[in-house]
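What the coordinates show
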Amino acid sequence: MTEYECVRYEVENDAAIITFDRPESLNAFNTRLLQELELGIDRAERTDGIRAIILRGADGVFSAGNDFTESFDFESTAERLEAFTGDPHRRPGYIGHYGAVFQSPLPVIAAVEGYALAAACNLSCLCDITIAAADAEFGFPDVRMGSLPGILVHPYIGVGIKQAKELLFSGAHVSADEAERIGLVNRTVPADELWDRVMEQVDQIKLTPSTTVTLSKYMLNDAMQHLGYQAPDGRLDRYLWGFSANTTAKEEFGRIKRESGLKAAIEWMNTAEKQ
């Protein structure tokens, strides 16, 4: 039996529920959590009777994105690039957590409450169905320190180019209602109804034969790729992170973090104008 440190794996109503469980960091994604996410998806796919995968966060927060305490412990751009391009987990054929969600034969549902920021916003967008609580917030604040999205999925899920540009140029948060309006999520529901509505969605999926659901997902994924979406293959996210690792802003963020702490670095990220 797999031992998990950063996620919880449970089964309810024929759905595998993977809960990001690092509440002390707002469920930020570290290497271990993402590995366990991939393991959880694989486990669900290998378990008879599982009809869907649900991703959610512990303690009322989906996730604040990548864990800054892990991502910026490098003194130089060279060190950072080596870390991103030399990760031993990026073995040949490795598709990463984005690829695991995209390529899974099971429908993946994001149940979002609280923050879904940066990498977590991208992940929630990539899920096949995204249901948000009314208190949810979405956005890409990490662009303010020179990061880029690990994948570019927005134009292929119904988010307009202008809306995507506004999100990625500004790093501003948007409310759940605004996220629904621009196509980031399927629908917004009252916070106290979120789980019931997610379970209702699973019940609806269970009315359709599993082979039909899987083939429909594959057909729609193929349509996304014909429109230009580049499916995660273990390279694109690495190249984008490698490129963004070269920016002066990211170097400055790392310097402030080392010298003055993470809180000061985030304050600089959200308030300082960048060149």
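Check the entry above for the structure.
Residues numbered from 1 in each chain as written. Predicted model: local features only at pLDDT ≥ 70, side-chain atom pairs only at ≥ 80, totals over all residues. Heavy atoms only, no water.

Bringing the sheet that holds strand β1 (residues 7-12) into the picture now. Reading across from one edge, β1-β2-β3-β4-β6-β9 is the order of the six strands in this open sheet, with mixed pairing throughout. In the strand order of this sheet, the two ends are held by β1 and β9 (187-189), each with one partner. Shown here is a sheet whose adjacent strand axes are inclined to one another by a mean of 20 degrees, direction ignored. Pairing analysis gives six bridges linking strand β2 (residues 15-20) to strand β3 (residues 52-57), with the strands arranged parallel. (Pairing = 2+ DSSP bridges. Helix = DSSP H or I, 4+ residues; strand = E, 2+ residues; numbered from the N terminus. Axes fitted to C-alpha atoms, helices over the stretch in contact; angles between N-to-C directions.)

Before going further, it helps to spend a moment on the sheet that holds strand β5 (residues 115-117). As summarised here, the arrangement of the three strands in space is β5-β7-β8, forming an open sheet in which the pairing is mixed. With partners counted over all chains shown, the strands left at the sheet margins are β5 and β8 (174-175), one partner each. Inspection of the sheet shows strand β7 (residues 137-139) paired to β8 by two bridges, in the antiparallel sense. Pairing of Phe138 across the sheet is with Val174, part of β8.

Here we come to the environment of Lys274. The topology assignment puts Lys274 in the segment after α12 (262-271). Judged by relative accessible area, Lys274 falls into the partly exposed class, the value being 31%. Taking the C-alpha atoms as reference, Lys274 lies 7.0 Å from Ala249; in sequence the two are 25 residues apart. When near neighbours in sequence (up to four residues on either side) are disregarded, Lys274 contacts Arg144, Trp268 and Met269. (Buried < 20%, exposed > 50% of the residue type's maximum accessible area, 1.4 Å probe, protein only. Contact = heavy atoms within 4.5 Å.)

Let us look at the nonpolar core. By size, the foremost hydrophobic cluster in this structure holds 52 residues, and its most contacted members are Phe20, Ile53, Leu55, Phe138 and Leu184. In terms of residue count, helix α5 (residues 119-126) provides more of this core than any other element does, six residues in total. Not counting the four nearest positions on each side in its chain, Leu55 is found in contact with Ile18, Phe20, Leu37, Phe62, Val101, Val108, Ile109, Ala110, Ala111, Leu123 and Cys127. (Core = buried A, V, L, I, M, F, W, Y, C linked by side-chain atoms within 4.5 Å.)

As a further point, take the pattern of salt bridges. The full count for this structure, using the stated rule, is 14 salt bridges. Notably, a salt bridge pairs Asp67 with Arg22, separated by 3.0 Å at the nearest N-O pair. Here Arg22 lies in the loop between β2 and α1 (31-45) and Asp67 lies in the loop between β3 and α2 (68-71), a separation of 45 residues in the sequence. For the pair Asp67 and Arg22, a shared accessibility class is recorded, and that class is buried. With a shortest N-O distance of 3.8 Å, Arg197 and Glu200 are connected by a salt bridge. Taken together, the residues span about one helical turn, with Arg197 and Glu200 both in helix α8 (residues 194-206) at a distance of three residues. Given the relative accessible area of 27%, Arg197 is considered partly exposed. We classify Glu200 as partly exposed; its relative accessible area is 43%. Through salt bridges with shared partners, a single network forms among Glu5, Arg32 and Glu36. (Salt bridge = Lys/Arg side-chain N within 4 Å of Asp/Glu carboxyl O.)

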